[in-house]
Amino acid sequence: MMESDPRKQRIITIIVIILLILYIYGFGVVTGLLILKKRFTVKETNKTCEIHQRESLAPQNFKKNESKTTLDHIDICPLINSGSLCYFNTLIQCMYSCKDLKDFFMNDSEMTEVKEILKELFERMAAKDKTINTKEFLKRIVDITSNEEFEDLNQQQDIHSLYLNLINGCFDPNFDVGNIISPDIFDDFAIHNFIFRKLYFLIEISSKESNTEQNKITYEPGNAFLLPTKKFNLYKDLKRYFEKAVFKKKNDNNEEIEVETTKELIRFPDILVLYTPYHEATLPDEIDIHRNIVFDQNIKYRLIAFGCHLGNESSGHYIAIKRMKDNTWAIINDDFITFHSWENVLKYLNYYKIKPTLSFLEKI
């Protein structure tokens, strides 16, 4: 028998190994491509399903009115946005929607420099002046208040901060809400100040420490409820706001104790303002913004208008949504206004992922 050439055997072995490696590599590549194709197909299918799902939520003929209402027959005036002023336009539309606020800003009582500017703006809105450039009004307010936060008129700002600045601008410069430490002081101030009477509420806070049986009572006035929620169910969020809370702290002896607090709303505002920070919220599949909020059997509020935001905390766009007399709703996008049913308003918010941020409710 002839002996095989070792060199030849090594060459054959190397060739076999190379072919085997190429086969395994080729099999892996093909398998990988098939997996990627499958994943891509699934992703595209999911994307298609998502598109169809969103399209099913889209309001029908959204840019067309669902009502025969026209701007000539209602008290809405479009506002020109000559920059990043949608937040200002939205807040003004919401405040103008509340009859008591509108009447206050259009009369001559309790005048301040800020109120004088808003009075001029509201009067032009009431006259249906479609040439209103709100940048001029905001600039005058910023110049008076010397508020650096709103100095850049080309930069979008937070609607809640603007609301607080406008309301504070209607008070005497010496007004300090920290001085309101009792219901009697609250009532006395409410008698002499319209804005305070309409917008401010008073919360009684009862605190009890674990090492004592004595309750400590304090009072907290405010003009807007801060609801850092992710569900946009205003009724549940308000209820949660007043739930009993327990937290831990160190006492004077550096001992850890528990503090139990309860809150009770003892003075109700005529206009209830609710604030949900848009940068803390996400939009669920279904939005449930209650149009009627009941605190108890005697106190009931109805949603009049609310501002919404599309985007994040540093950029995006604000719009206002207002209740009309015929129970339709106006979507006010600066100088573009359409009218819709409540059902389609909710579809609109969900479809475009728009987040309600500042809501105005009137006591009924």
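Note that the coordinates shown come from a computational prediction; the quantities given were computed from them, not determined experimentally.

Topic: the overall build of the chain
At step 1: Across its full length, the chain carries 10 helices and 12 strands.
At step 2: A burial count over the chain gives 42% of its 364 residues as buried.
At step 3: Look at the contacts in the chain between residues 6 or more apart in sequence, and 65% of them connect residues 24 or more apart.
At step 4: Of the roughly 21,000 Å² of accessible surface on the chain, 52% is carried by carbon and sulfur atoms.

Thoughts on the side chain of Gln 93
At step 1: Looking at the secondary structure, you find Gln 93 in helix α2 (residues 86-97).
At step 2: Judged by relative accessible area, which is 4%, Gln 93 ranks as buried.
At step 3: From its side chain, Gln 93 meets the backbone oxygen of Cys 77 in a polar contact 2.8 Å long.
At step 4: Those residues in contact with Gln 93 that sit more than four places away from it in its chain are Ile 76, Cys 77, Pro 78, Leu 79, Met 125, Ala 320 and Ile 332.

Things to note about helix α4 (residues 113-126)
At step 1: Helix length check: α4, at 14 residues, gives a terminal C-alpha distance of 20 Å against a target of 20 Å (1.5 Å per residue), a fit within 8%.
At step 2: Those residues of α4 lying buried are Val 114, Lys 115, Ile 117, Leu 118, Lys 119, Leu 121, Phe 122 and Met 125.
At step 3: Structurally, α4 contributes buried residues whose contacts are with α2, α3 (99-105), α5 (134-145) and α6 (159-168).
At step 4: One or two residues past the end of α4 sits Lys 128, with phi positive at roughly 60°.

A few points about the confidence of the model for the chain
At step 1: Averaged over all residues, the pLDDT of the chain equals 79, while 76% of them reach at least 70.
At step 2: Looking over the chain, one finds the lowest element-wise mean pLDDT in helix α1 (residues 6-57), namely 59, and the highest in α2, namely 95.

Some details on the pattern of salt bridges
At step 1: Scanning all chains against the criterion turns up 15 salt bridges.
At step 2: The closest approach of N and O atoms between Arg 140 and Glu 136, which form a salt bridge, is 3.6 Å. One end of the pair is Arg 140 and the other is Glu 136, both in helix α5 and four residues apart, which spans about a single turn.
At step 3: Of the residues examined, Arg 140 reaches a relative accessible area of 29% and is grouped as partly exposed.
At step 4: Measuring nitrogen to oxygen at the nearest pair gives 3.3 Å for the salt bridge that ties Asp 143 to Lys 139. Of this pair, Asp 143 and Lys 139 both sit in helix α5, separated by four residues, roughly a single helical turn.
At step 5: On the accessibility criterion, Lys 139 (45% relative accessible area) is partly exposed.
At step 6: In the salt-bridge network here, residues are joined through shared partners; they are Asp 100, Lys 198, Asp 270 and Lys 363.

Focus on the sheet that holds strand β1 (residues 201-209)
At step 1: As summarised here, the arrangement of the four strands in space is β2-β1-β5-β4, forming an open sheet in which the pairing is antiparallel. The open sheet has two edge strands with one neighbour each: β2 (215-222) and β4 (245-250). For this sheet the average axis-to-axis angle between neighbouring strands, irrespective of direction, equals 30°.
At step 2: The sheet contact formed by β4 and strand β5 (residues 256-267) spans six bridges and is antiparallel. Its bridge partner being in β5, Ala 245 is matched across the sheet by Thr 261.
At step 3: On the sheet, helix α7 (residues 183-192) packs against β1, β2 and β5 and is oriented at approximately 35° with respect to β5.

What counts as what
Residues numbered from 1 in each chain as written. Predicted model: local features only at pLDDT ≥ 70, side-chain atom pairs only at ≥ 80, totals over all residues. Heavy atoms only, no water. Helix = DSSP H or I, 4+ residues; strand = E, 2+ residues; numbered from the N terminus. Buried < 20%, exposed > 50% of the residue type's maximum accessible area, 1.4 Å probe, protein only. Contact = heavy atoms within 4.5 Å. Areas by Shrake-Rupley, 256 points an atom, 1.4 Å probe, with all protein chains shown as cover. Polar contact = N/O pair within 3.5 Å; in protein donor to acceptor, adjacent residues only side chain to side chain. Expected span 1.5 Å × (residues − 1). pLDDT = per-residue confidence, 0-100. Salt bridge = Lys/Arg side-chain N within 4 Å of Asp/Glu carboxyl O. Pairing = 2+ DSSP bridges. Axes fitted to C-alpha atoms, helices over the stretch in contact; angles between N-to-C directions.

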